[in-house]
Amino acid sequence: MPEIDRRDFLKTAAGSAALAASAAGKAGAQAGDRKMIGMQVGAVSFVDEGTEKVLDVLQQRAYVNTLFLAVFTYGRGIAGRQVPGQPLPDHGKQEYDLNFHGGNYATVHPQFYRNTVLKDTRAPDHGNLDILETVLPAARKRGMKTICWLEDVWRPDIPNIAKVQEKDLHGRNAHTLCFHNPDHRGFLTGLVEDYTRSYEIDGIMWGSERQGALSNALGASHGGGHSEPGRVTCFCQFCEAKAKERGISFTRAKQGYEELEKFVRAGRGGKRPVDGYYVEVWRLMLRYPELLAWEQLWHDGLRETYSAIYQTVKSAKADVPVGWHIWHNNSFNPIYRAEQDLQELSKYSDFLKMVIYHNCGGERMASYIDSVTQTLYGDVPKQELLDFHYRVLDFRERGYEQIPFTGWSADYVFRETKRALAGAAGTRTLIWPGIDIDIPTADTSSKSTPQGTKAAVAAALKAGAPGVLLSRKYSEMKLANLSGAGEAIKELGYA
């Protein structure tokens, strides 16, 4: 079948599937099915606009019934006001919080942090405000649930942080923390036990937008072209000890990554290997199988952290659900996707927020392609490489030159939702697609619209998702786009 005909066929098939799913969704709604409609929101929104006002807006415009409240992070991605330099939204305080600090926005109860050197993490941004004490009772009166949203982002100036930071290839401290370090594990388990025992919360979601040394060295993520191949992690004493238990040579792993560093620097300098980029990467992996072993070691540390968080929460209160934010790199990097085995994750996951950001997805994929055409796929023209990724990741969008300015379509949301649901089939793990509303993009790149938001939310629900999570944070969303989400929810009968 000619390619153009095949694409038309796929579009028709996807449309038919969407219509069928829509009919099923409406039937479910009529039968009393209730979708989880979530909103990621930080403390600053309640401080700036008032708790009742924010809850009014979320319920009236988007029928939100579950708050994902940013209670712990040192990053602006889920906390603080709009990113400085981006247009301010049409609500909230009309200025940037240039003194943003971050940390724990609830009360720190010291008894839960005995097994860690990280004890002083209280966020100073809003004085003595405990955002859980403030929001929980107000939300509960309205029948809204509150899930604690925790992010794996740290500052370098936290007391004792150097004792927990990862070590890079050359022995320098990174800003990230090591999953094999017992003080890091002790902090995370203490933090979730604190929230679970100290408050009447409705769940815990933790997110780590990181990957192992192999993909980081290759720059295999959006923005990866700025990565430093010599800064890959982790090569600390705890990782060395863990490797020894598994029979992995620490010395050989470092040697392999030092050779990979040379390869990446040469590629970015335009020096093509004699046998090409792809062949040379495979030659290095065959010569140093420790490259893949070290990558797996890092990801196993992440999974062990998931499991430890899950078990801690369940031991405190068995009925509190626990889940994870799965990074957008899942839609770009096939290596990272291979590491996100939903059947494996389901063993310690009540739900998964699958990041399926359509609007910023085009810009981010183009950035990923820009990066890996300097390393792993240096011999492949960018459009051909994009076509390859569309094929192996099983969705199809516009061309390389267009996607930063058009974003991705609702069909991407539909296909990725269906794929994630199939990946978790046979488990009890719920799949909640994360939907992009006004996530910052470059000035000339695609911007969210009410219609685009509506189409994306509708696509996720028509694909059969039991809920959607409006992302990244309320403080950067325009109200009209939030209403676009509400229109889809109402029209499908889930309001």
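It should be noted that the structure appears before, not after, this text.
(A) Up close: the overall build of the chain. When helices and strands are counted, the chain shows 18 helices and 11 strands. Against the compact-globule benchmark of 23 Å for 495 residues, the chain has a radius of gyration of 22 Å, which places it among compact chains. C-alpha extents for the chain along the principal axes are approximately 65 × 65 × 45 Å. Among the 495 residues that make up the chain, the fraction classed as buried is 57%. Per element, the accessible surface of the chain, about 19600 Å² overall, is 52% carbon and sulfur. Averaging the positions of the 60 positive and the 59 negative side-chain charges in the chain gives two centres separated by 1 Å.

(B) Here's a closer look at the pattern of salt bridges. All told, the structure shown has 35 salt bridges when counted by the stated rule. Notably, a salt bridge pairs Glu228 with Arg265, separated by 2.6 Å at the nearest N-O pair. Taken as a pair, Glu228 in the loop between α6 (213–218) and α7 (237–246) and Arg265 in helix α8 (residues 250–268) lie far apart in primary sequence, 37 residues in all. The partner of Arg419 in a salt bridge is Glu416, with the nearest N and O atoms 3.0 Å apart. With Arg419 and Glu416 both in helix α16 (residues 410–423) and 3 residues apart, this pair spans about one turn of that helix. A network of salt bridges, in which partner residues are shared, links Arg185, Lys242, Arg246, Asp300, Arg303 and Glu304.

(C) Quick look at the side chain of His91. Mapped onto the elements, His91 comes out in the loop between β2 (66–73) and β3 (103–104). Taking the relative accessible area as the measure of exposure, His91 reaches 9% and is therefore buried. A distance of 2.8 Å separates polar atoms of two side chains, one belonging to His91 and the other to Glu49. One polar contact links the side chain of His91 to the main-chain carbonyl oxygen of Tyr474, over a distance of 3.4 Å. Excluding residues within four positions of it along the chain, His91 makes contact with Glu49, Tyr474, Ser475, Met477 and Leu479.

(D) Local environment of the side chain of Arg472. Within the element layout of this structure, Arg472 appears in the loop between β11 (467–471) and α18 (479–491). For Arg472, a relative accessible area of 17% corresponds to the buried category. A polar atom in the side chain of Arg472 sits 3.0 Å from the side chain of Glu476.

(E) Seen up close, the packing of α16 against helix α17 (residues 450–462). It is at 8 Å that the axes of α16 and α17 come closest, and there the two elements cross at 25°. With respect to each other, α16 and α17 are oriented roughly parallel. When you trace α16 past α17, the crossing you get is right-handed. Taken together, the residues of α17 that come into contact with α16 (itself represented by Ala410, Val413, Phe414 and Thr417) are Ala455, Ala456, Ala459, Ala460 and Lys462. Here the contact of α16 with α17 is composed, by residue class, of 7 nonpolar, 1 polar and 1 charged.

(F) Focus on the packing of aromatic side chains. On inspection of all chains with the given rule, the structure shows 29 aromatic pairs. Seen in terms of ring centroids, Tyr278 and Tyr377 are 6.2 Å apart; in terms of plane orientation they differ by 15°. Their pairing is stacked. Of this pair, Tyr278 sits in helix α9 (residues 277–287) while Tyr377 is found in the loop between α13 (361–372) and α14 (382–393), placing the two residues 99 residues apart along the sequence. Given the relative accessible area of 45%, Tyr278 is considered partly exposed. Three or more aromatic residues joined by ring pairs make a cluster, and in this case those are Phe179, Trp206, Trp298, Tyr306, Trp324 and Tyr348.

(G) Layout of unusual backbone geometry. Here the amide bond leading from Thr233 into Cys234 is cis, since omega sits at 10°, within 30 degrees of zero. Considering the arrangement of structural elements, one finds Cys234 in the loop between α6 and α7. The residue after Ser471, namely Arg472, is reached through a cis peptide bond having omega 5°. Within the chain, Asn160 stands out as a residue other than glycine whose phi angle is a positive 70°. One can find Asn160 in the loop between β4 (145–151) and β5 (165–167). On the basis of relative accessibility, which here comes to 35%, the residue Asn160 falls in the partly exposed class. Positioned with a positive phi, Asp438 is a non-glycine residue whose angle comes to about 60°.

(H) View of the nonpolar core. Within the largest apolar cluster, 134 residues are counted, with the highest numbers of intra-cluster contacts made by Tyr195 and Leu470. No other element matches helix α10 (residues 290–316), which puts 9 residues into this core. Every residue in contact with Tyr195, bar those within four places of it in the chain, is listed here: Val71, Phe72, Asn104, Ala106, Leu132, Cys148, Leu150, Ile201 and Ile204. Counting 10 residues, the second-largest nonpolar core is a separate cluster that includes Met36, Ile78, Trp149 and Phe351.

(I) Region of the structure containing helix α4 (residues 131–141). Regarding α4, the residues found buried are Ile131, Leu132, Val135, Leu136, Ala138 and Ala139. Its side-chain oxygen placed 3.0 Å from the backbone nitrogen of Leu132, Asp130 serves as the N-cap of α4. Taken from the residues just after α4, Gly143 is the one with a positive phi, measuring 80°.

(J) Examining the state of the cysteines more closely. In total, this model carries 0 disulfides according to the counting rule given. You can see Cys178 has no disulfide; the closest cysteine sulfur is in Cys239, sitting 3.6 Å from it. Taking relative accessible area as the criterion, Cys178 reaches 1% and is therefore assigned buried. The thiol sulfur of Cys234 is not disulfide-bonded, and the nearest other cysteine sulfur, from Cys236, lies at 3.5 Å.

(K) A look at the packing of α8 against α9. Packing of α8 against α9 leaves a shortest axis separation of 10 Å and a crossing angle of 170°. By the criterion of interaxial angle, the relationship of α8 to α9 is roughly antiparallel. Two secondary-structure elements touch here, α8 through Arg252, Glu259, Leu260, Phe263 and Gly267 and α9 through Tyr277, Glu280, Val281, Leu284 and Arg287. Classifying every residue of the contact of α8 with α9 by side-chain character gives 5 nonpolar, 1 polar and 4 charged.

(L) Up close: the pairing of strand β7 (residues 204–207). Of the two faces of β7, the one carrying Ile204 and Trp206 and the one carrying Met205 and Gly207 are both buried. Bridge count for β4 against β7 is 4 bridges, and the pairing is parallel. Bridged to Cys148 within β7 is Ile204. Relative to strand β8 (residues 322–326), β7 runs parallel, the two being bridged by 4 bridges. Note on β8: the bridge partner recorded for Trp206 is Trp324.

Reading the values: the criteria
- Here the residue numbers are simple positions, counted from 1 along each chain's written sequence.
- In keeping with the predicted nature of the model, local features appear solely for residues at pLDDT of at least 70, side-chain atom pairs appear and are counted solely at 80 or more, and the whole-chain, interface and lining totals rest on all residues.
- Side-chain measures were taken over the full set of non-hydrogen atoms in the model, leaving aside hydrogen atoms and water.
- Per the convention used, a helix needs a DSSP run of H or I reaching at least four residues, while a strand needs a run of E reaching at least two, with both numbered from the N terminus.
- Our radius of gyration is a C-alpha quantity, and the globule rule it is checked against amounts to 2.2 Å times the number of residues to the power 0.38.
- Relative accessibility decides the category of a residue: with a 1.4 Å probe and only protein chains considered, values under 20% of the type maximum give buried, values over 50% give exposed, and everything between is partly exposed.
- All accessible areas in this document rest on Shrake-Rupley with a 1.4 Å probe, and a residue is counted as covered only by the protein chains that are shown.
- By the counting rule applied here, Lys and Arg register as positive and Asp and Glu as negative, while His and the ends of each chain are not counted.
- Where a charge sits is defined by one atom per residue type, namely NZ (Lys), CZ (Arg), CG (Asp) or CD (Glu).
- Any carboxyl oxygen of Asp or Glu within 4 Å of a side-chain nitrogen of Lys or Arg constitutes a salt bridge here.
- Think of a polar contact as two N or O atoms within 3.5 Å of one another; within protein, one of them needs to be a possible hydrogen donor and the other a possible acceptor, and neighboring residues in sequence only count if both atoms come from side chains.
- Contact definition: two residues touch when any of their heavy atoms are within 4.5 Å.
- A fitted line through C-alpha atoms serves as each axis, taken over the contacting stretch for helices, and the angle formed by two N-to-C directions is quoted from 0 to 180°.
- An angle below 35 degrees is read as roughly parallel, one above 145 as roughly antiparallel, one from 65 to 115 as roughly perpendicular, and any other as oblique.
- It is the rotation of the near helix from the far one that decides the hand of a crossing: anticlockwise by less than a right angle makes it left-handed, clockwise makes it right-handed.
- Residue polarity follows a fixed list, in which Ala, Val, Leu, Ile, Met, Phe, Trp, Tyr, Cys and Pro are nonpolar, Asp, Glu, Lys and Arg are charged, and the others, Gly among them, are polar.
- Put simply, two rings from Phe, Tyr or Trp (the six-membered ring, in Trp's case) pair if the centres are within 6.5 Å, and we call them stacked under 30 degrees between planes, edge-to-face over 60, tilted for the rest.
- Here, nonpolar core refers to any group of buried Ala, Val, Leu, Ile, Met, Phe, Trp, Tyr and Cys residues whose side-chain atoms link them within 4.5 Å.
- In what follows, a disulfide is any cysteine sulfur pair within 2.5 Å.
- Note: two strands are recorded as paired if DSSP finds a minimum of 2 bridges between them.

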